[in-house]
Amino acid sequence: MEQFLQQVASGLANGAIYACVALALVMIYVSTDHINFAQGEMAMFSTYISWQLMSWGLSFWFAFILAVVLSFVMGVVIERVILRPLHNAPVLSIVVVFIGLLAIFNSVAGAIWSYLIKEYPSPFPKSSFGIAGVIGPHQLGVVLVTLIVLGLLFAFFRYTPLGLAMRAAAQNPQMARLVGVRVDWMLALGWGLAASVGAVAGIMVAHIVYLDPNMMAGILLYAFAGALVGGIGNPGGAVLGGFIVGVLENMVAFAGNQIEKTTGIYIIGNGEKLTVALIIVIFVLTVRPAGLFGRVVVKRV
Amino acid sequence: MPTEEVVRLRIAHVPEGRGTFTTLTVDENLRIAAYTRRDKAAVNRELERVFTYFPRLQERLQQQAGTLSGGEQQMLAIARALMLGPRLMLLDEPSFGLAPLIVVEIFRILQRINEEEKVSILLVEQNAALALDLADHAYVLETGHVVMSGPSSVVKNDENIRKSYLGY
């Protein structure tokens with residue numbers, strides 16, 4: 001039983017990370033209809049920035065906040081400089097640009113900080129955090145931090161005029177222009193916010209997966225699975241989907257381990273977690289393309 | 001000049017069809033319309049005044065705009081334009097796809113807005129009889145050319161216009 005609870009708890013902690021990255025993906029998707037394949041690498045880069053700041057002597061939380069702010073700027077600049085000229089470009093060109101960005105971030109990070117795996121600290125005190133036997137200090141911290149960030153984002157989109165303008169611009173750009181919203185800037189802001197949320201995810205997960213230029217590759221896949229489960233066009237759904245995927249992968253591995261222990265037959269275990277995520281992707285895309293909470297969009301032509 | 005800057009000159013446009021954000025609530029639709037305005041007290045006053053024209057919208061404040069009836073959505077679109085505090089309102093076929101009774105109601109409200117709010121209205125409308133009743137000045141367009149213009153009362157009584165557009 002204790003083992004089961006631990007698995008759920010660590011699933012929730014992983015799920016929190018997936019939820020953040022999934023939300024970043026969805027934020028860009030709802031306003032542009034594109035999946036930013038470089039989202040994970042951008043988050044990785046942000047994590048390196050925070051690591052660099054810490055190695056220059058900044059405290060964890062100061063480096064955290066500064067890295068998130070810098071990521072925001074990075075997101076805005078990428079949109080304005082690289083994607084702005086491609087607003088009317090065909091989808092494939094944009095996909096190629098995303099893949100290019102992915103490769104660039106990966107190799108630039110490798111060039112600056114080397115491909116050697118680095119340890120990354122956890123800011124949560126081991127003694128006073130967590131619940132013994134159920135959830136570890138870092139896991140609890142990750143869940144709390146992501147919930148705070150998600151809550152802040154929700155409040156921003158729900159209650160501020162700028163948040164409303166961004167939702168309006170994503171829902172109907174032409175109409176948004178008619179009420180005076182500068183839609184192009186809303187897109188750039190969306191990129192900035194997505195990069196920031198990704199940075200939070202990267203910094204929170206680095207202690208678990210260690211810091212290296214390829215740290216986000218698997219996580220991006222999980223996040224994508226989460227976003228699809230929740231409905232790729234639905235931010236709240238994507239967050240929930242991220243948590244579902246996180247818990248589900250652990251549950252499947254846990255069940256596999258139990259079966260192996262009692263019967264001695266190995267069916268599925270920790271090694272197949274990523275496979276589970278990919279099966280979820282295929283399953284959702286074939287059975288329910290709009291996701292659990294998404295709505296089917298009917299377009300009038 | 002890009003659209004969003006034209007709006008800042010307080011020129012409001014109500015596009016053809018339903019000019020609303022369907023997934024946002026009525027309240028959000030009205031608030032986003034005041035996005036360019038800094039004076040929040042004036043916006044709240046405006047909101048009150050908009051409700052005197054469209055009391056039905058006040059009842060549906062928390063409803064998603066997409067779930068409103070066609071007539072209510074058109075009302076919301078006009079209310080939204082009004083929230084800009086416009087000097088000029090451009091309306092593209094506000095009668096489009098609406099029941100005749102609703103159309104008459106909307107035109108009556110447009111007349112009140114024109115007179116009480118001192119907002120100039122440029123109306124493009126294929127329902128000639130209604131449009132001529134509302135307008136002070138009318139232009140008749142045929143395949144993109146102005147074939148006749150003048151005070152509405154004159155245009156309305158022109159024999160050719162009567163025969164081809166008004167049907168009597």
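Colleague: Give a detailed account of the overall build of chain A, specifying residues and quantitative values.
Modeller: Of regular secondary structure, chain A possesses eleven helices and zero strands. For chain A, the α and β elements follow one another from N to C terminus as α-α-α-α-α-α-α-α-α-α-α. Taken against the 2.2 N^0.38 rule, which gives 19 Å for 301 residues, the C-alpha radius of gyration of chain A at 19 Å falls within 12% of a compact globule. The dimensions of chain A, computed from C-alpha atoms along their principal axes, are 65 × 50 × 35 Å.

Colleague: Please give an account of the sheet that holds strand β1 (residues 11-14) of chain B that cites residues and values.
Modeller: All names here are of chain B. Spatial strand order, β1-β2-β3: three strands in an open sheet with parallel pairing. Each edge of the sheet is formed by a strand with only one pairing partner; in this case those strands are β1 and β3 (120-124). Each adjacent strand pair in this sheet contributes to an overall mean axis angle of 15°, direction not counted. Here β1 runs beside strand β2 (residues 88-92); their pairing, made up of four bridges, is parallel. Its bridge partner being in β2, A12 is matched across the sheet by M89.

Colleague: Outline the domain arrangement of chain B, listing residues and values.
Modeller: Each domain of chain B was delimited in the assignment, giving domain 1 (3-126) and domain 2 (136-168). Each of domain 1 of chain B and domain 2 of chain B was reduced to a C-alpha centroid, and the two centroids are 27 Å apart.

Colleague: Could you give an account of the nonpolar core, with specific residues and numbers?
Modeller: With 134 residues, the main nonpolar core has C20(A), V21(A) and A22(A) as its most contacted residues. Setting aside residues up to four positions removed in sequence, C20(A) forms contacts with T146(A), V149(A), V197(A), G198(A), V200(A) and A201(A).

Colleague: Which residues make up the packing of helix α9 (residues 217-230) of chain A against helix α11 (residues 273-287) of chain A, and what are the values?
Modeller: All names here are of chain A. At a minimum axis separation of 9 Å, α9 and α11 run at an interaxial angle of 30°. You can see that α9 and α11 cross each other, and the crossing is left-handed. Listed contacts from α11 to G218, L221, Y222, F224, A225, L228 and V229 of α9 are L274, A277, L278, I280, V281, V284 and L285. In terms of residue class, the contact of α9 with α11 is built from 13 nonpolar, one polar and no charged.

Colleague: How would you sum up the confidence of the model for chain B? Please name residues and give values.
Modeller: All names here are of chain B. Per-residue confidence for chain B gives a mean pLDDT of 88, with 99% of residues at or over 70. Confidence scores differ between elements of chain B, with helix α9 (residues 159-166) showing the lowest mean pLDDT of 79 and β3 the highest of 93. Scored as a whole, the predicted complex attains pTM 0.87, and scored at its interfaces, ipTM 0.83.

Colleague: Now, about the pairing of strand β4 (residues 137-142) of chain B: what can you tell me, with residues and values included?
Modeller: For β4(B) and strand β5 (residues 145-151) of chain B, the ladder comprises six bridges, and the chain directions are antiparallel. Looking at β5(B), one finds that A138(B) is bridged to G150(B).

Colleague: I'd like to hear about helix α8 (residues 183-209) of chain A, residue by residue, with values.
Modeller: All names here are of chain A. The first and last C-alpha atoms of α8 sit 38 Å apart over 27 residues, in line with the 39 Å expected at 1.5 Å per residue. Burial within α8 is extensive, with 22 of its 27 residues counted as buried. After α8 finishes, the residue Y210 shows a positive phi value of roughly 70°.

Colleague: Provide a residue-level description of the packing of helix α5 (residues 137-159) of chain A against α8(A), including the pertinent values.
Modeller: All names here are of chain A. Interaxial distance between α5 and α8 falls to 10 Å at its minimum, and their mutual angle equals 175°. Classified by the angle their axes make, α5 and α8 are roughly antiparallel. Packed against α5, whose contacting residues are H138, V142, V145, T146, V149 and L153, the element α8 presents V197, V200, M204 and H207 at the interface. For the contact of α5 with α8, the class distribution of residues is seven nonpolar, three polar and no charged.

Colleague: Summarise the interface of chain A and chain B; cite the residues concerned and give the values.
Modeller: In this complex, chain A contributes 14 residues to the contact, which on the side of chain B involves 17 residues. Those elements that place two or more of their residues in the side of chain A that touches chain B are α6 (161-171) and α7 (173-178) of chain A. In terms of residue count, the dominant contributor to the side of chain A that touches chain B is α6(A) (six residues). Split into classes, the residues belonging to the side of chain A that touches chain B amount to eight nonpolar, three polar and three charged.

Each value, and the rule that gives it
Residues numbered from 1 in each chain as written. Chains lettered and ligands numbered in written order. Predicted model: local features only at pLDDT ≥ 70, side-chain atom pairs only at ≥ 80, totals over all residues. Helix = DSSP H or I, 4+ residues; strand = E, 2+ residues; numbered from the N terminus. Rg over C-alpha atoms; globule rule 2.2 N^0.38 Å. Pairing = 2+ DSSP bridges. Axes fitted to C-alpha atoms, helices over the stretch in contact; angles between N-to-C directions. Domains from an automatic or database assignment. Core = buried A, V, L, I, M, F, W, Y, C linked by C-beta atoms within 7 Å. Buried ≥ 20, exposed ≤ 12 C-beta atoms within 10 Å, placed from the backbone. Contact = placed C-beta atoms within 7 Å. Left-handed = near helix turned anticlockwise from the far one by under 90°. Nonpolar A, V, L, I, M, F, W, Y, C, P; charged D, E, K, R; others polar. pLDDT = per-residue confidence, 0-100. Expected span 1.5 Å × (residues − 1). Parallel < 35°, antiparallel > 145°, perpendicular 65-115°, else oblique.

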